[in-house]
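Commentary on secondary and tertiary structure
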Amino acid sequence: MKATLRHGVQALLVFLAVMAPLTVQAERKLLDQVVAIVDEDVILQTELEARINTIASRLRAQGTGLPPRQVLEERVLDQLITDSIQMQMADRAGMRISDNELNETMANIADRNGMALSEFEAQLEAEGVTYNQAREQIRKEMLTSRVQQRQVGTRVRVTDREVENYLESQEARGNNGAEYRLAYIFVSVDDPSDEAEMEAAREKAERLRSEIAQGRDFREVAVAESDASNALEGGDMGWRAEGQLPSLVAPVVPDLAVGEPSPVLENNSGFHLVMVMDKRGGEQKQVIQQHRVRHILVRPSEATTDSQAEARIRDLYQQLQNGAGFSALAKEYSDDPVSGSDGGNLGWVSPGQMVPAFEQAMTEADVGEFRGPFRSQFGWHILQVQERRQKDISGEVRESEARQAIYRRKFETELQNWLREIRDEAFVEFKGEYANDAPAEEEPVS
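Before going into details, it helps to say that this report is about the structure given with it. (Residues numbered from 1 in each chain as written. Predicted model: local features only at pLDDT ≥ 70, side-chain atom pairs only at ≥ 80, totals over all residues. Heavy atoms only, no water.)

1. Regarding the packing of aromatic side chains
The tally for this structure, following the rule as stated, stands at 4 aromatic pairs. When the centroid spacing of 6.0 Å and the interplanar angle of 20 degrees are considered together, the rings of Phe326 and Phe370 count as stacked. Taken together, the positions of Phe326 in helix H11 (residues 326-333) and Phe370 in strand E9 (residues 370-376) put the pair 44 residues apart, joining distant regions of the chain. The class for Phe326 is buried, based on a relative accessible area of 3%. Between Phe358 and Phe374, the aromatic rings sit 5.9 Å apart at their centres with planes inclined by 65 degrees, giving edge-to-face as the arrangement. You can see Phe358 sitting in helix H13 (residues 356-364) and its partner Phe374 sitting in strand E9, a full 16 residues away along the chain. (Phe/Tyr/Trp six-rings, centres within 6.5 Å; stacked < 30°, edge-to-face > 60°. Helix = DSSP H or I, 4+ residues; strand = E, 2+ residues; numbered from the N terminus. Buried < 20%, exposed > 50% of the residue type's maximum accessible area, 1.4 Å probe, protein only.)

2. Notes on the pairing of strand E7 (residues 287-298)
Buried residues dominate E7, accounting for 9 of its 12 residues. Across 12 bridges, E7 lies against strand E10 (residues 379-392) in antiparallel orientation. Looking across to E10, one finds that Gln290 is bridged to Arg389. The pairing of E7 with strand E8 (residues 345-349) spans 4 bridges and is classified as antiparallel. Bridging from a neighbouring strand, Arg294 pairs with Asn345 of E8. (Pairing = 2+ DSSP bridges.)

3. Some words on the nonpolar core
Core analysis: the largest hydrophobic core is formed by 45 residues, its most contacted members being Ile43, Val76, Leu77, Ile81 and Trp418. At the level of secondary structure, the elements contributing two or more residues to this core comprise strand E1 (34-38), helix H2 (45-61), helix H3 (69-92), helix H4 (99-112), helix H5 (117-126), helix H6 (131-153), helix H14 (394-425) and strand E11 (428-430). With 9 residues, H3 is the single largest residue contributor to this core. When residues no more than four places from it in sequence are discounted, the contact partners of Trp418 are Gln86, Met89, Val147, Gln148, Gln151, Val152 and Arg155. (Core = buried A, V, L, I, M, F, W, Y, C linked by side-chain atoms within 4.5 Å. Contact = heavy atoms within 4.5 Å.)

4. Describing the packing of H3 against H6
Closest axis-to-axis distance for the H3/H6 pair is 9 Å, and the angle between their directions is 75 degrees. Here H3 lies roughly perpendicular to H6, going by the angle between them. Residues Gln86, Met87, Met89 and Ala90 of H3 touch H6, and the partners they reach there are Arg139, Lys140, Leu143, Thr144, Val147, Gln148 and Gln151. Residues that form the contact of H3 with H6 fall into these classes: 5 nonpolar, 4 polar and 2 charged. (Axes fitted to C-alpha atoms, helices over the stretch in contact; angles between N-to-C directions. Parallel < 35°, antiparallel > 145°, perpendicular 65-115°, else oblique. Nonpolar A, V, L, I, M, F, W, Y, C, P; charged D, E, K, R; others polar.)

5. What about the packing of H4 against H6?
Packing of H4 against H6 leaves a shortest axis separation of 10 Å and a crossing angle of 105 degrees. As summarised for this structure, H4 and H6 are arranged roughly perpendicular, according to the angle between their axes. Across the interface between the two elements, Asp99, Glu101, Leu102, Asn103, Thr105, Met106 and Ile109 from H4 touch Tyr131, Ala134, Arg135, Ile138, Arg139, Met142 and Arg146 from H6. Considered class by class, the residues forming the contact of H4 with H6 number 7 nonpolar, 2 polar and 5 charged.

No statement about biological role is implied by the geometric values presented.
Laid out in structure tokens, this is it:
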């Protein structure tokens, strides 16, 4: 009897030992059940929950109300699908973010928030997000940004004429250099020729504006209703100089009071609302010191050792001290072929254009002085600052800002189109409870 009992206990222990891993696996599968298949990737329930928690924590910290749970789930799942498509594109292209680059980015984020890295980590923990989770999310965002720049950036071209027209329109409006912190809501239209779809989208936009005007939080509406890619950030567009406002909203933003929603704005992609969350600044001149400089370069090579290059540049320096012509020596001996053919002339040089060693020597030199020899990453130099001046570069800055603003506006439009394209072309299959609510999607015909 005892032997039979002992054998029975042993059999039970063996059974439990076999079944325990299966139970754990079953629990793991239950926790990590697949909610969507996206091409060659899957999105898990735990991944969805983690992203929802992160976004909800951020929105609460901003004081932004949360939409109903089902709405937030749908929007976050759609974002995860789009992210997955882009991450797979990054992987196929061999894109990587190094640990050093990622660590530097995290440190910069902490610094921009006025925190030490340890304080930043503690703040994340207080919001229910581990540092490693935040780090991984930043890595994905960096990869996503690179994919977008590679895929969308090639579609965007800015012409000189567009810049001229932009500056003329800005001047005509009398812009004063103010900056605006903007939030944005977008109601998209797939087919602008469909009058019924256009009217439904217009009515939705007008309804949202009415709710905001009556006190509903703009950022909460953006999270719950906006079709823009920054919806889950509360529609935050960051600070924009008046000269960098998108053309659609530029005519209305300067006249909006802080906290006032714009009228509903329309273009071919749909209907738009914008709100000024904050405002600052005014126009100031931007003056820099420029140096008209020339140089002689002796570059080490396979045929010339560094010590030989140094000896040669010192000999040239002595010749200058003895009265030799700078231009003639540069034409004959300089290893910089572009400036050398022009007597060593580099023209007017602005701060930041030269490597640090050259810029330091240039800044410290007196006008007319032969400065050197000194070493940079390119070789051995002698330079002479021929003239200095104070230069108002406000015009150049405005032109650069105009070009950037036009590029950003075009990029944002193309990005929305591209995201819609890759989403339509991807194979997406919803699983479990999400399959009941989602429209069936067919794999595109190859």
